[in-house]
Amino acid sequence: MKRLLHSCTALTLSLAFATAAVAQEPLKELGPGEGQVSIVAWAGYIERGETDKNYDWVSDFEKKTSCKVTVKTAATSDEMVALMNEGGFDLVTASGDASLRLVAGKRIQPINTDLIPSWKTIDERLQNAPWHTVGGVHYGTPYLWGPNVLMYNTEVFKDAAPKSWNVVFEEMTLPDGKSNKGRVQAYDGPIHIADAAQYLMAHKPELGIKSPYELNEDQYKAALELLRVQRTLVGRYWHDAMIQIDDFKNEGVVASGSWPFQVNLMQAEKQPIASTFPEEGVTGWSDTTMLHADSQNPNCAYMWMEHSLSSKVQGDAAAWFGAVPSVPAACKGNALLTDEGCSTNGFDNFEKISFWRTPVSKCESQGECVPYHRWVSDYIGVIGGR
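How each quantity is defined
- As a convention, each chain's residues are numbered from 1 in the sequence order in which they are written.
- Reporting in this predicted model follows two pLDDT cut-offs: at least 70 for local features of residues, and 80 or more for side-chain atom pairs to be given and counted; totals over whole chains, interfaces and linings ignore these cut-offs and use all residues.
- Neither water nor hydrogens contribute to the side-chain values; these are computed over all heavy atoms in the structure.
- Paired strands, in this sense, are two strands between which DSSP finds at least two bridges.
- Put simply, DSSP H or I for four residues or longer makes a helix, DSSP E for two residues or longer makes a strand, and each gets a number counted from the N terminus.
- Axis lines are fitted to C-alpha atoms, over the contacting stretch for helices. Their N-to-C directions set the angle, which ranges from 0 to 180 degrees.
- A simple rule labels every residue: compare its accessible area, found with a 1.4 Å probe on the protein chains alone, to the largest value its type can have, and call it buried under 20%, exposed over 50%, or partly exposed in between.
- For this analysis, a salt bridge means a side-chain nitrogen from Lys or Arg found within 4 Å of a carboxyl oxygen belonging to Asp or Glu.
- Here the aromatic set is Phe, Tyr and Trp, taking the six-membered ring for Trp, and pairing holds for ring centres within 6.5 Å; pairs whose planes are under 30 degrees apart are stacked, those over 60 apart are edge-to-face, and all others are tilted.
- Any pair of cysteine sulfurs within 2.5 Å is marked as a disulfide.
- pLDDT gives the predictor's per-residue confidence on a scale running from 0 to 100.
- What makes two residues a contact is simply this: any of their non-hydrogen atoms within 4.5 Å.
- Note that the term roughly parallel is reserved for angles under 35 degrees, roughly antiparallel for angles over 145, roughly perpendicular for angles of 65 to 115, and oblique for everything else.
- Throughout, the ten residues Ala, Val, Leu, Ile, Met, Phe, Trp, Tyr, Cys and Pro are labelled nonpolar, Asp, Glu, Lys and Arg are labelled charged, and all others, Gly among them, are labelled polar.
- Two N or O atoms count as a polar contact when they lie within 3.5 Å, although within protein this holds only if one can serve as hydrogen donor and the other as acceptor, and sequence-adjacent residues are included solely when both atoms are side-chain atoms.

Student: So what's going on with the sheet that holds strand S8 (residues 149-153)? Residues and values would help.
Tutor: Spatial ordering of the open sheet is given by S10-S9-S11-S8-S12, a layout of five strands whose pairing is mixed. Every other strand in the sheet has two partners, leaving strand S10 (234-238) and strand S12 (273-276) as the edge strands with one partner each. On average, adjacent strands in this sheet sit at an angle of 30 degrees to one another, irrespective of strand direction.

As structure tokens, then:
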């Protein structure tokens, strides 16, 4: 994992937001496409039927717009921020732990929702979400959202879903009679500190944690201590979805925080895999398609943002990734998602998910909190055994 330095996180992000919100004017009108658009995206987010011909929402777009789509897959939010800082891309599917950093760092630009006719079809819970809206200014179009689930091997857990995240945080004997040591994984990203904080909210209420992304020094110290215990159990810190799948299939891994994407792929292969929402609750992600401040292909980028909000694309993408569409109309009549898909993937659990946010020093729940740049350096230390 790279240590990524973001100047804005060393300061209070809100100071940068004040200038970022007025730094640029969004595009006033849409011209002809430039012939191409480049997107930094999570694995499985931009499909052209290469893995499964049924899942292709790129080919039709290219035919209609003559905008050739290229994709750079990123494994973590920090990698996405680094790529956008380097430049050369038009769009990024940023999660909430990256989106406000991109706004504060002026790496993305406001969007003109009038140029996106399907904006009005977006779930009202997402239209003004704080991870892409600053001072009433929109910095992207919602794409997909979902939970970080606890994925587990059904043979090891004997078809009874684990009730708690303790199976990945504390040493124990699993239902198959063997220790969990060396058989569990954790996410290879500083935002995983929030998963530890979420666990502590339930098990150590005396800490007074109100949000897993707003931690004072004592709360933060407790989360790091829990993660140091977890370090003694973890066989691998994962960030590549396909490598995690291989680890579950071939390396004896039996439990980990994961995405529905991995669960769906392995279940499709008839692997003994299932997932659950443990009693402590879950963190999650709501991803936003954001436009680079120096995009060379803004017209094609706007065309893609509009395309990404069509009910067909939303339903197909949600079905492929195991996510929830940002356009509720996609929940009905999509052959791949099916009419039960939104409910299965968590549409009604929105309020139960602690969505990824960028930790900042000036926080709402208690005034002073540990900012993200500390999360970055300290989590590297935890993984390194410090």
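Student: Mind laying out unusual backbone geometry, listing which residues take part and the relevant values?
Tutor: Although it is not a glycine, Ser 66 adopts a positive phi angle of roughly 60 degrees. Topologically, Ser 66 is positioned in the loop between helix H2 (59-65) and strand S2 (68-73). Here Thr 338, not a glycine, exhibits a phi torsion of approximately 65 degrees, which is positive. A relative accessible area of 32% places Thr 338 in the partly exposed class.

Student: Give me the pattern of salt bridges: which residues, what numbers.
Tutor: A side chain of one charge can pair with a side chain of the opposite charge when the charged atoms of the two come close. What the rule picks out here adds up to 14 salt bridges. The residue Lys 64 makes a salt bridge to Asp 60 at a minimum N-O spacing of 3.2 Å. Separated by four residues within a single helix, Lys 64 and Asp 60 lie in helix H2, roughly one turn from each other. We classify Lys 64 as exposed; its relative accessible area is 67%. Residues joined by salt bridges that share partners form a network here, namely Arg 48, Glu 62 and Lys 68.

Student: If you had to explain the packing of aromatic side chains to someone new, which residues and values would you point to?
Tutor: Per the stated rule, a full pass over the model turns up 22 aromatic pairs. Aromatic pair Trp 145 and Phe 355: ring centres 5.9 Å apart, planes at 75 degrees, arrangement edge-to-face. Residue Trp 145 is found in strand S7 (residues 141-147), and its partner Phe 355 is found in strand S15 (residues 353-355); the two are separated by 210 residues along the sequence. Taken as a pair, Trp 145 and Phe 355 share a single burial class, namely buried.

Student: I'd like a rundown of helix H11 (residues 298-308), residues and numbers included.
Tutor: Buried residues dominate H11, accounting for ten of its eleven residues. Within the span of H11, buried status applies to Pro 298, Asn 299, Cys 300, Ala 301, Tyr 302, Met 303, Trp 304, Met 305, His 307 and Ser 308.

Student: Describe the state of the cysteines, naming the residues involved and giving the relevant values.
Tutor: Applying the stated rule across the entire model yields three disulfides. A disulfide bridge connects Cys 67 with Cys 300, and the sulfur atoms are separated by 2.0 Å. Around the S-S axis, the bridge from Cys 67 to Cys 300 shows a dihedral of about -80 degrees and counts as left-handed. Separated by 233 residues along the polypeptide, Cys 67 in the loop between H2 and S2 and Cys 300 in helix H11 bring together distant segments of the chain. Its relative accessible area of 0% is what places Cys 300 among the buried residues. A sulfur-sulfur separation of 1.9 Å characterises the disulfide bridge that pairs Cys 363 with Cys 369. Negative torsions about the S-S bond denote left-handed disulfides, and the value of about 70 degrees found for Cys 363 with Cys 369 makes this one right-handed. Note on Cys 363: relative accessible area 9%, which makes it buried.

Student: Could you give an account of the confidence of the model for the chain, naming the residues involved and the relevant values?
Tutor: Summing up the model confidence of the chain, the mean pLDDT is 92 and the portion of residues at 70 or higher is 94%. Within the model, pLDDT remains below 50 along residues 1-23, and this stretch shows 46 contacts once partners closer than five positions in the same chain are excluded.

Student: Summarise the packing of helix H10 (residues 260-268) against helix H12 (residues 311-321); cite the residues concerned and give the values.
Tutor: For the pair H10 and H12, the least separation of the axes is 7 Å and the interaxial angle reads 75 degrees. With respect to their mutual orientation, H10 and H12 come out roughly perpendicular. Residues Pro 260, Phe 261, Asn 264 and Leu 265 of H10 touch H12, and the partners they reach there are Ala 319, Trp 320 and Phe 321. Each residue belonging to the contact of H10 with H12 can be placed in one class, and the counts come to six nonpolar, one polar and no charged.

Student: Break down the side chain of Asp 195 for me, with residues and values.
Tutor: Its place among the elements puts Asp 195 in helix H7 (residues 193-203). Each residue touching Asp 195, except ones within four places of it in the same chain, is listed here: Phe 169 and Thr 283.

Student: Help me get a handle on the environment of Trp 320, residues and values and all.
Tutor: Within the secondary structure, Trp 320 is located in helix H12. In this structure, the C-alpha to C-alpha distance between Trp 320 and Tyr 45, residues 275 residues apart in sequence, is 8.3 Å. Not counting the four nearest positions on each side in its chain, Trp 320 is found in contact with Gly 44, Glu 47, Thr 51, Asp 52, Tyr 55, Trp 57, Phe 261, Asn 264 and Leu 265. Polar side-chain contacts of Trp 320 include one of 3.4 Å to the side chain of Glu 47.

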